[in-house]
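Descriptive analysis of the structure
These are the residues of each chain, in order.
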Amino acid sequence: MKKMFLMGRSEAGKTSLVQAMKGEELHYVKTQYTDSGEDTIDSPGEYAESKWFSVGLACFSFEADVVAVVQAADEPFNLFCDGSHSFIQRPLIGVITKIDSPYANIPMVRQWLMNIGCERIFLVSNVTRDGIDELIEYLKEDLPPLTMEQAIFKQQLGLNEWDPLPEGVEYPA
Ligand SMILES: Nc1nc2c(ncn2[C@@H]2O[C@H](COP(=O)(O)OP(=O)(O)OP(=O)(O)O)[C@@H](O)[C@H]2O)c(=O)[nH]1
Ligand SMILES: [Mg+2]
């Protein structure tokens, strides 16, 4: 299972997403500190909301296999600028929560996540559990471990460490 780091503004639904993924009843708990579980790392929304703390997000991301920007479908504005991916050496995905909200504007939030550079975008409701299984399915597959030489070889090809090798290309012996 890929370990997923969750970042996004307060109330975006990060902790609820962890609960929904574990099959728990939703129960509100304000996240006060970064909470590293077996398959997820949940951060307080304030880390994304303050320029003083936001650097911490990059540090926590190093403990994860994949980084998820979590944004609720009814969020009024976007906190993450284009190219936010540049400080994270991990695959970046977007998770749109609260798709059940009557105020949901999915095309707007999807565009924000595309601008940030998310390579996949998942739509979920932590309340109805819509989309949760699809996200779990994506996370189930582990990323293959790489040696330092293999990572360097991929970089020399202009690839991210998590990109597959092009067809017909093999790691040097
Ligand atoms: N309708 C609806 N409400 C949701 C959903 N996900 C979360 N909520 C509600 O949104 C509120 C905030 O959810 P949290 O999961 O605590 O948000 P958070 O991102 O962890 O917030 P911080 O811990 O402050 O960073 C709670 O009242 C949740 O019940 C969802 O998919 N749909
Ligand atoms: Mg939380």
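Residues numbered from 1 in each chain as written. Chains lettered and ligands numbered in written order. Predicted model: local features only at pLDDT ≥ 70, side-chain atom pairs only at ≥ 80, totals over all residues.

The next thing to look at is the nonpolar core. By size, the foremost hydrophobic cluster in this structure holds 35 residues, and its most contacted members are Met7, Ala68 and Val95. Mapped by element, the contributors of at least two residues to this core are strand 1 (4-7), helix 1 (14-21), helix 2 (46-49), strand 4 (66-72), strand 5 (92-97), helix 4 (106-116) and helix 5 (132-140). If one sorts the elements of this core by residue count, strand 4 sits on top with six residues. Not counting residues within four places of it along the chain, the set of residues in contact with Ala68 comprises Met4, Phe5, Leu6, Ile93 and Val95. (Core = buried A, V, L, I, M, F, W, Y, C linked by C-beta atoms within 7 Å. Buried ≥ 20, exposed ≤ 12 C-beta atoms within 10 Å, placed from the backbone. Helix = DSSP H or I, 4+ residues; strand = E, 2+ residues; numbered from the N terminus. Contact = placed C-beta atoms within 7 Å.)

Its domain assignment divides the protein chain into domain 1 (4-142) and domain 2 (144-173). For domain 1 versus domain 2, the distance between C-alpha centres works out to 28 Å. (Domains from an automatic or database assignment.)

Reading across the sheet, the six strands line up as 2-3-1-4-5-6 and stay open at both edges, with mixed pairing between neighbours. Edge positions in the sheet fall to strand 2 (35-36) and strand 6 (120-123), since each of these pairs with one other strand and no more. The pairing of strand 2 with strand 3 (residues 40-42) spans two bridges and is antiparallel. For Asp35, the partnering residue across the bridge sits in strand 3 and is Asp42. Lying over the sheet, helix 1 contacts strand 1, strand 3, strand 4 and strand 5, oriented at roughly 155 degrees with respect to strand 3. (Pairing = 2+ DSSP bridges. Axes fitted to C-alpha atoms, helices over the stretch in contact; angles between N-to-C directions.)

Our next topic: the pairing of strand 6. Each regular strand displays side chains that alternate between the two surfaces of the sheet. Relative to strand 6, strand 5 runs parallel, the two sharing four bridges. What sits directly across from Gly94, in strand 6, is Ile121. Viewed along the sheet, the connection from strand 5 through helix 4 into strand 6 turns out right-handed. (Right-handed = clockwise from strand over helix to strand, strands pointing away.)

Turning our eyes to something else, we now look at helix 4. Turning to helix 4, its buried residues are Val109, Trp112 and Leu113. Looking straight down helix 4, one finds that the buried residues subtend no more than 95 degrees of arc, so they occupy a single side. The outward face of helix 4, more than 90 degrees from its buried face, is lined by the exposed residues Pro107 and Gln111. If you follow the buried residues of helix 4, they end up packed against strand 4, strand 5 and strand 6. The positive-phi residue at the C-terminal boundary of helix 4 is Gly117, with phi of around 110 degrees. (Arc of directions from axis to C-beta.)

Turning our eyes to something else, we now look at the site of ligand 1. Around ligand 1, the surrounding shell holds 21 residues, and the nearest of these are Ser10, Gly13, Ser16, Thr31 and Gly45. A per-element tally of the shell around ligand 1 places helix 1 first, with three residues. Of the residues that constitute the shell around ligand 1, the class distribution is five nonpolar, 11 polar and five charged. (Near = placed C-beta within 6 Å. Nonpolar A, V, L, I, M, F, W, Y, C, P; charged D, E, K, R; others polar.)

For helix 6 (residues 148-156), the tally of buried residues reaches only zero of nine residues, placing the bulk of the element at the surface. Residue Gly158 follows helix 6 closely and has a positive phi angle near 80 degrees.

A few words now on the environment of Ser86. Tracing the chain through its elements places Ser86 in the loop between strand 4 and strand 5. Each C-alpha atom of the pair Ser86 and Glu149 lies 23 Å from the other, and the pair is 63 residues apart in sequence.

Summarising burial for strand 5: six of the six residues are buried, a large majority. Residues Leu92, Gly94 and Ile96 line one face of strand 5 and the alternating positions Ile93, Val95 and Thr97 line the opposite face, and both faces are buried. Of the strand pairs in this sheet, strand 4 and strand 5 are connected by six bridges, and their pairing is parallel. For Val67, the partnering residue across the bridge sits in strand 5 and is Leu92.

Take the environment of Asn78 next. Tracing the backbone through its elements, the reader meets Asn78 in the loop between strand 4 and strand 5. Along the backbone, Asn78 and Trp112 are 34 residues apart, and their C-alpha atoms lie at a distance of 6.9 Å.

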